[in-house]
Amino acid sequence: MHRLYLVPTLIINFVIVLVPALLTVVLAFCNWDGISTPSFSGLDNFRALFADSVFWSALINNIIWTCIFLIVPIAMGLLAASMLLIVKRGSNFFQVVYFLPVVIATVITARVWQGMIYSPVTGLFGILSRMGLPLANPLAQPSTALFGVATVDLWHWWGFLCVIFFAALRQVPQEHIEAARIEGANYGQMMRYVLLPAIWPTITLMMIMTVIWSFLAFDFVYILTQGGPAFSSEVLSTLAYRHAFYDLNVGQAAAAALVISLFGLVGTFFYVRLQAREGEQ
Amino acid sequence: MRLVESRATLTMSYIVLGIGAFIALFPIALLVLNSLKPAAQIVQNPLALPNPIRWENFVNAWNHAKFSKTFINSLLLSGTTIVLVCTTCSLSAYVLARRKIASWKIWTFYLLATTTAPIQLYIFPLYFGFARLGLINNVFGVALIYTAVYSPFAVMLLRTYFIAVPKELEEAALIDGATHWQVFSKVMLPIVSPGILTVALIIGLNSWNEFLIATTFLQKADNVTAVIGFYLLSGQYSSDWGEIMAAALIIVVPVVVLFVVMQKRFIEGMAGGSVKG
């Protein structure tokens, strides 16, 4: 009887996620333009993908992206969250303000940064360069495009981490903090010996999620640069999307999707293990 | 709660928090400020105050982004997704939380793993399948996709609410002769309703803001969501940044108001389920 309760969730999940996911695995070994009958092509898609220099630069971009997001927003989030713990008044106000960028749609965030900040005509960078500062639109230069896009995602993202870390920090037993304070611990020592160890499981979880999400990064790259200029900000997800819907080379898109999923799978393995361990406690 | 009592530490903390608030608010301030200006003024200086205020931006934005159509589409899409997710997921979360079936462990792990499944792994065959079935440009078809994508998160979050309900309540109702369905619908659901509301808010927010699936599966200008309407306006139809920012503000205001009013639930739910918005 109770088995039926699961049925709606699972049917929707199988139809939308599981079956198409299995088809993607099959399609990665096929030649298909999305319309005609797919034909088996063995490892051709992977060979073509690995021979493409854009694939490798996209992969490297994903790795750079992961490194940036493992360090900058986590550090910003931890710093701000620990400051929220110190101040008596206003912590809720700051928390809400930091979370605002998270609830704004990615398209809107992207356009505000593109037009109001980066643009040499209508943006802040434009005024500053007219005032004599050497500031060029980062999205227009191959050497800075990826960082220009990552900055926008950082702005959108770090408040989320801050709020999560603050929630975890508030669970740290008051006695531990008191004890450290009586011992005369300064801010650095308090972080290092009391607070960070106490919320380490949360930090690990967020790092695992960061790795998974970094390989899925799509919205900001697609909206701000389309992977350009000259593929300099291309990541794997935009590469796969381009192959599927612009080049109608679905087989190769599927092969790229499998590479993305491979990285995701490693993250998922650690994620499930961590959650299972916490579930047992 | 305070770590250190010294005044200097406290001042330092407020300075750091203030810088953080400035970083978060500065682009939002630019968005609001420039939505009130004619394009020519933005070109001169995006930081200057609007003089005079140009309210027509909002009228133009509303018309050019077809908000009278696209807002309805967004509401339909978010509404359908919320209803589908809340009904199907409260059922499955209950069964999994209470370990009502022998295979609860397998399905919990399965759903946990799909929370992190990359969308690229299934979007391509899904698109061509939907195209064959004529479901492209269909808001309800997209609602079905959202339901599948957000369900694992919703189940995991609701599960924690069901686990928190004391077992004795359920047992007492069964002894009084209630059927299993009555136990679920009359005893459990009212108790976990705060959890369901939290899920509804987060799922609503995510579907309202979603980009990748919406832009892929909705292509006709009359069928897109408000967010995609804005994307098309800002990318193709207009280069008037005053109008573009006005359109952005029209989409953002309801979301921000809802968020500020319901902040506790949003933050609790996001932190509890750890999902990227």
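Residues numbered from 1 in each chain as written. Chains lettered and ligands numbered in written order. Predicted model: local features only at pLDDT ≥ 70, side-chain atom pairs only at ≥ 80, totals over all residues. Heavy atoms only, no water.

> Which residues make up the overall build of chain B, and what values do they have?
Helices and strands together make up the secondary structure of chain B, namely 13 helices and zero strands. The order of α-helices and β-strands along chain B, N terminus first, is α-α-α-α-α-α-α-α-α-α-α-α-α. For the C-alpha atoms alone, the extent of chain B along its principal axes is close to 75 × 65 × 35 Å. By residue count, 55% of the 277 residues in chain B fall in the buried class. For chain B, contacts bridging at least 24 residues in sequence account for 71% of all contacts bridging at least 6. (Helix = DSSP H or I, 4+ residues; strand = E, 2+ residues; numbered from the N terminus. Buried < 20%, exposed > 50% of the residue type's maximum accessible area, 1.4 Å probe, protein only. Contact = heavy atoms within 4.5 Å.)

> Any details on helix α12 (residues 241-261) of chain B? Residues and values, ideally.
Every α-helix carries 3.6 residues per turn, so stepping three or four residues along brings you back to the same face. Residues and elements named next belong to chain B. Counted at 1.5 Å a residue, the expected span for α12 with its 21 residues is 30 Å, and the 30 Å between its end C-alpha atoms agrees. Helix geometry: α12 is bent most strongly at V252, by close to 30 degrees, with proline P254 lying one to four residues after it. Capping of α12 at its N-terminal end is provided by D240; its side-chain oxygen lies 2.9 Å from the backbone amide nitrogen of G242. (Expected span 1.5 Å × (residues − 1). Bend = angle between axes of the 7 residues up to and from the residue. Polar contact = N/O pair within 3.5 Å; in protein donor to acceptor, adjacent residues only side chain to side chain.)

> Residues and numbers for the interface of chain B and chain A, please.
When the parts come together, some accessible area is lost, and that loss is often what is quoted as the size of the interface. At the junction of the two partners, chain B supplies 96 residues and chain A supplies 100 residues. Here chain B and chain A share an interface that buries about 9100 Å² over both sides, 77% of which is from carbon and sulfur atoms. In this assembly, chain B and chain A are joined by zero salt bridges. Viewed at the interface, chain A and chain B are joined by 14 residue pairs in polar contact (both at pLDDT 80 or more). It is helix α1 (residues 7-35) of chain B that contributes the most residues to the side of chain B that touches chain A, 18 residues altogether. Taken together, the residues of the side of chain B that touches chain A sort by class into 67 nonpolar, 24 polar and five charged. (Buried area = accessible area lost by both parts, 1.4 Å probe. Salt bridge = Lys/Arg side-chain N within 4 Å of Asp/Glu carboxyl O. Nonpolar A, V, L, I, M, F, W, Y, C, P; charged D, E, K, R; others polar.)

> Summarise the packing of aromatic side chains; cite the residues concerned and give the values.
Scanning all chains against the criterion turns up 49 aromatic pairs over all chains. Summarising the aromatic geometry, the rings of Y5 of chain A and Y94 of chain B are spaced 6.2 Å apart at their centres and angled 35 degrees between planes, so their arrangement reads as tilted. Of this pair, Y5 of chain A sits in helix α1 (residues 3-27) while Y94 of chain B sits in helix α4 (residues 67-97), which puts the two residues in different chains. Residue classification places Y94 of chain B among the buried positions, given a relative accessible area of 1%. Three or more aromatic residues link up through ring pairs in this structure, and these residues are W32, F218, Y222, Y241 and F245 of chain A together with F124, Y127, F128, F130, F211, F217 and Y231 of chain B. If you follow R170 of chain A out to its NZ or CZ, it ends over the ring of F166 of chain A, 4.3 Å from the centre. (Phe/Tyr/Trp six-rings, centres within 6.5 Å; stacked < 30°, edge-to-face > 60°. Lys NZ or Arg CZ within 6 Å of the ring centre and 35° of its normal.)

> Which residues make up the nonpolar core, and what values do they have?
Within the largest apolar cluster, 206 residues are counted, with the highest numbers of intra-cluster contacts made by Y98 of chain A together with F124 and F217 of chain B. When residues of this core are assigned to their parent elements, the largest contribution, 17 residues, is made by helix α7 (residues 145-169) of chain A. Other than its neighbours up to four places away in sequence, Y98 of chain A contacts A80, W158, G159 and C162 of chain A together with V16, L17, G20, A21 and A24 of chain B. (Core = buried A, V, L, I, M, F, W, Y, C linked by side-chain atoms within 4.5 Å.)

> Describe in detail unusual backbone geometry, supporting the description with residues and values.
The omega torsion across G228 of chain A and P229 of chain A is -10 degrees, close enough to zero to call that bond cis. A cis geometry characterises the amide bond from N51 of chain B onward to P52 of chain B, with omega recorded as -5 degrees. If you check the backbone angles, F231 of chain A has positive phi at about 60 degrees while not being a glycine. Looking at the element boundaries, F231 of chain A is found in the loop between α11 (219-224) and α12 (236-245). Taking relative accessible area as the criterion, F231 of chain A reaches 38% and is therefore assigned partly exposed.

> Requested: an account of the side chain of S41 of chain A, with residues and values cited.
Residues and elements named next belong to chain A. Following the sequence through the fold, S41 ends up in the loop between β2 (39-40) and α2 (44-51). Classification of S41 by relative accessible area gives buried; the value is 16%. With near-sequence residues (within four places) excluded, S41 lies in contact with F29, C30 and N31.

> Any details on the packing of helix α3 (residues 53-86) of chain A against α1 of chain B? Residues and values, ideally.
The geometry of α3 of chain A relative to α1 of chain B is characterised by a closest axis approach of 9 Å and an angle of 135 degrees between their N-to-C directions. The angle between α3 of chain A and α1 of chain B places the two elements in the oblique class. The handedness of the crossing between α3 of chain A and α1 of chain B comes out as left-handed. Between α3 of chain A and α1 of chain B, the contacting residues are L79, A80, M83, L84 and I86 of chain A on the first element and T9, L10, S13, V16 and L17 of chain B on the second. Class assignment for the residues of the contact of α3 of chain A with α1 of chain B results in eight nonpolar, two polar and no charged. (Axes fitted to C-alpha atoms, helices over the stretch in contact; angles between N-to-C directions. Parallel < 35°, antiparallel > 145°, perpendicular 65-115°, else oblique. Left-handed = near helix turned anticlockwise from the far one by under 90°.)

> Tell me about the pattern of salt bridges, and please be specific about residues and values.
Taken as a whole, this structure holds seven salt bridges over all chains when the rule is applied. For the salt bridge of R47 of chain A with D44 of chain A, the shortest nitrogen-to-oxygen distance reads 3.0 Å. Residue R47 of chain A and its partner D44 of chain A are located together in helix α2, separated by three residues, close to a single helical turn. Residue classification places D44 of chain A among the partly exposed positions, given a relative accessible area of 39%. For K66 of chain B, the salt bridge goes to D222 of chain B, with nearest N and O atoms at 3.4 Å. Placement of K66 of chain B in the loop between α3 (56-64) and α4 and of D222 of chain B in the loop between α10 (212-217) and α11 (226-237) is noted, with a sequence separation of 156 residues between them. For D222 of chain B, a relative accessible area of 34% translates into the label partly exposed. The structure contains a network of salt bridges with shared partners spanning K66, K69 and D222 of chain B.

> I'd like a rundown of the environment of G115 of chain A, residues and numbers included.
Looking at the secondary structure, you find G115 of chain A in helix α5 (residues 106-118). Judged by relative accessible area, G115 of chain A falls into the buried class, the value being 0%. Spatially, the C-alpha atoms of G115 of chain A and F125 of chain A are 9.9 Å apart, while their sequence positions differ by 10 residues. Residues within four places of G115 of chain A in sequence aside, it is in contact with T122 and G123 of chain A together with W241 of chain B.

> Before we move on, could you go through the confidence of the model for chain A and cite the residues and values that matter?
When pLDDT is averaged along chain A, the result is 90, and 99% of the positions lie at 70 or above. Ranking the elements of chain A by mean pLDDT puts helix α13 (residues 250-280) of chain A last, at 84, and α11 of chain A first, at 95. (pLDDT = per-residue confidence, 0-100.)

> Describe empty space enclosed by the protein, naming the residues involved and giving the relevant values.
Using the criterion set out here, one finds four cavities of 30 Å³ or more in the structure. Every residue along the wall of the second largest cavity is listed here: H64, A65, K66, T70, A221, V224, G229, L232, L233 and Y237 of chain B. (1 Å grid on protein atoms, 1.4 Å probe; cavity = no way out; pocket = protein on both sides within 12 Å on 5 of 7 lines; lining within 4 Å. Points joined across faces, edges and corners; volume = space filled by probe spheres on them.)

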